[in-house]
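Fold and contact review
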Amino acid sequence: MLADLPEDILFDVIQYLDVRDVLALRRTCRALHAFGGNDYVWHRIAADFPLPLDLPYNTSPSAIPGDELQRLTIKAIQLDANWRSPTTRVRGLCALIDDKSGQYVDQMQFLPGGKWLWTAQRTLKRESWYTRMGLWSLEDMSSPQRVWSTEISGIYRSCTLLQSSEGDFATLVVGVCDHREVIEVHSISLQDAQNMQYGIYPMHPHAKSKQLHIVPHPRAPHLRPIIHELAAYDRLLIVTIFALDTGGGAGSLQILFVDPETGATKWVDPRFAQSFSFLWVRVWGDYLFLVGEVNEAFVVRVYRIPSPFSTPVNGTPRASPPAPGSTDDLDHDYAYTDLGPTIAQFVGPTPMPVPGHHIAQVSPATSSPSLAAVMFYHSVHPHSAQLLRFSFDISSEAVVLTGISSKDFAIGNESSAQLAQVGALGMRGVWLEHNWETQMNRVMKMAYDPRTRTAEVGMLLPPDPELPFTPNMCHSLAFDEVTGRLCLGMYDGNVYILDFV
């Protein structure tokens, strides 16, 4: 009998079995049930498992017991089956905000794992705009809690939300326009936030904030900076700027380094961004990835992150611009930062069908060195979309491309895509589809199978779902690829979270 074989032989047999076969094997007898729950067996399975697992933050599968890995694996299989089903079922629904004032949520973002959600709302008070931000704990979906909130002057531009390696702190970097461009940095204790749900309040405030002002480069005062995107690396903020020419010329994309401790700024030489018509910045390791469209191609360019701020004898980086009346060396302080030579460049495997005529969305920054992008082409017939996936191996010596793929898929000719979100692995994506003939919206889904290199597209929520809302009410959207958790913000101020497993 199979159960009588030595364990080393059984281990050899297991490696040829599918996860479902291992689960079936465990149901045959007590001996194989015990063997099939071995930590080594599930560590091997997790190493080659094709679906993303909802692992604790910054935790390797090898550090998790076999029984827990089995539970997470079954959950991933169930989510995948429901997601790929022609009629995906909503397994859980939670109303997060019931704002009777009608101040709808403009922007939302999950921390990896979908257990923390950041929201931003614009409010008008006494003819001035304010942005109200909140951080929500979704650990217990039966009782979600807003554990932190603040209100700042100005209109929201962009944000990045980062979690510390230990998972106990989150850094929120948000850009707003308050007559001029401003960056606010908030450090939030997630541990204190969790304790507050159970009535345990910290002895010290659980959030610290700092405000930084973005001003035009002194050599180009006619270029008004508008914050487009924010990224963070160690003690450095990297800001993608759209420089609006107030003199009537063409605007341009630029990159700005900001020291959040001192407020010092350094502009990157404009030539590094000028070839991009769309630009996103991602950071992995000690490398800066410039991602976007160059001519007819989707391009990823890699540079080593420089040290843009000089450190004088007193140990404090120079500020740019210096204080009024300063005798600092202007040429030194206002010199553009050079990114140096290109370390690597990777180009999408197929050219874009219609360069410059699409809606592009790049996956949010994650700790894993991979990214995906989805493009929708509405000016061609039939309408189409393109999914691009990149994965990298990063070391101190080099950045190596380990995987690249491209997949085209059709979308409705009478429809347009809005609020697209795609995960960093490029395995799941969602967007709001508006039908111009019926004036109805529906939420669409995409599932990519890396084994067969096929992309399945279908309807996630119909125009008239049996839910407390309709997609026509949807104004904002957040999505977590690993858990499949979807958050929808409505025009009436309500926010709903949907689970599909």
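Up top you'll find the structure we're talking about.
Residues numbered from 1 in each chain as written. Predicted model: local features only at pLDDT ≥ 70, side-chain atom pairs only at ≥ 80, totals over all residues. Heavy atoms only, no water.

Attention now goes to the sheet that holds strand β26 (residues 474–479). Pairing within the open sheet is antiparallel, and its four strands lie in the order β1-β28-β27-β26. Taken across any chain shown, the strands that pair with only one partner, and hence form the sheet edges, are β1 (92–97) and β26. Strand after strand, the sheet turns through a mean of 20° between neighbouring axes, direction not considered. As paired strands, β1 and strand β28 (residues 495–499) are joined by five bridges and run antiparallel to one another. By the bridge assignment, G92 is partnered in β28 with D499. (Pairing = 2+ DSSP bridges. Helix = DSSP H or I, 4+ residues; strand = E, 2+ residues; numbered from the N terminus. Axes fitted to C-alpha atoms, helices over the stretch in contact; angles between N-to-C directions.)

In this section: the pattern of salt bridges. For the structure shown, the criterion picks out 17 salt bridges. Note that K75 is salt-bridged to D54, the shortest N-O span being 3.6 Å. A residue pair is termed long-range when its members are at least 10 positions apart, and K75 in helix α5 (residues 66–84) and D54 in the loop between α4 (39–48) and α5 qualify at 21 residues. A residue is classified by how much of its surface remains accessible, and K75, at 29% relative accessible area, is partly exposed. Linking R132 and E151 is a salt bridge whose minimum nitrogen-to-oxygen distance equals 3.7 Å. Placement of R132 in strand β4 (residues 128–137) and of E151 in strand β5 (residues 145–153) is noted, with a sequence separation of 19 residues between them. The network of salt bridges with shared partners includes D54, K75 and K115. (Salt bridge = Lys/Arg side-chain N within 4 Å of Asp/Glu carboxyl O. Buried < 20%, exposed > 50% of the residue type's maximum accessible area, 1.4 Å probe, protein only.)

Adjacent strands of a sheet pair through backbone hydrogen bonds, lying either parallel or antiparallel. Spatially, the four strands line up as an open sheet ordered β2-β3-β4-β5, and their pairing is antiparallel. The sheet is open, and its two borders are formed by β2 (105–110) and β5, each paired with just one other strand. When strand polarity is set aside, the average angle formed by the axes of neighbouring strands in this sheet is 20°.

A separate point is the environment of M459. One can find M459 in strand β25 (residues 454–461). Given the relative accessible area of 31%, M459 is considered partly exposed. Sequence separation between M459 and V430 is 29 residues; the distance between their C-alpha atoms is 9.5 Å. Not counting residues within four places of it along the chain, the set of residues in contact with M459 comprises P86, R442, V443, M444 and K445. (Contact = heavy atoms within 4.5 Å.)

So, about helix α2 (residues 19–26). Along α2, the positions that sit buried rather than exposed are V19, V22, L23, L25 and R26. Looking down the long axis of α2, one finds its buried residues gathered within 160° of arc, a one-sided arrangement. Buried residues in α2 make contact with α1 (7–14), α3 (30–36), α4 and α5. Structurally, the start of α2 carries an N-cap: the backbone nitrogen of R20 is 2.9 Å from a side-chain oxygen of D18. (Arc of directions from axis to C-beta. Polar contact = N/O pair within 3.5 Å; in protein donor to acceptor, adjacent residues only side chain to side chain.)

The next point concerns a nonpolar patch on the surface. On the surface, a cluster of nonpolar side chains totalling about 330 Å² of accessible area is made up of L2, L5, I9, V13 and L17. Considering the arrangement of structural elements, one finds L5 in the segment before α1. (Patch = residues over 30% accessible without salt bridge, like charges linked within 9 Å, V, L, I, M, F, W, Y side chains within 5 Å. Areas by Shrake-Rupley, 256 points an atom, 1.4 Å probe, with all protein chains shown as cover.)

Take empty space enclosed by the protein next. Following the criterion strictly, the structure yields four cavities of 30 Å³ or more and no others. Empty space within the largest cavity amounts to approximately 80 Å³. When residues in the lining of the largest cavity are grouped by element, the largest group, four residues, is from α5. Among the residues forming the lining of the largest cavity, the class breakdown is seven nonpolar, one polar and three charged. Lining the second largest cavity, in full, are P216, H217, A220, L223, P225, I241, A243, Q254, W267 and Y336. Contributions of two or more residues to the lining of the second largest cavity are made by β10 (223–233) and β11 (236–245). Split into classes, the residues belonging to the lining of the second largest cavity amount to eight nonpolar, two polar and no charged. (1 Å grid on protein atoms, 1.4 Å probe; cavity = no way out; pocket = protein on both sides within 12 Å on 5 of 7 lines; lining within 4 Å. Points joined across faces, edges and corners; volume = space filled by probe spheres on them. Nonpolar A, V, L, I, M, F, W, Y, C, P; charged D, E, K, R; others polar.)

Once that is clear, we can look at the state of the cysteines. Two cysteines whose sulfur atoms are joined by a covalent bond form what is called a disulfide. Scanning the entire structure with this criterion turns up zero disulfides. No disulfide involves C487; its nearest neighbouring cysteine sulfur is the one of C94, lying 9.2 Å away. (Disulfide = S-S within 2.5 Å.)

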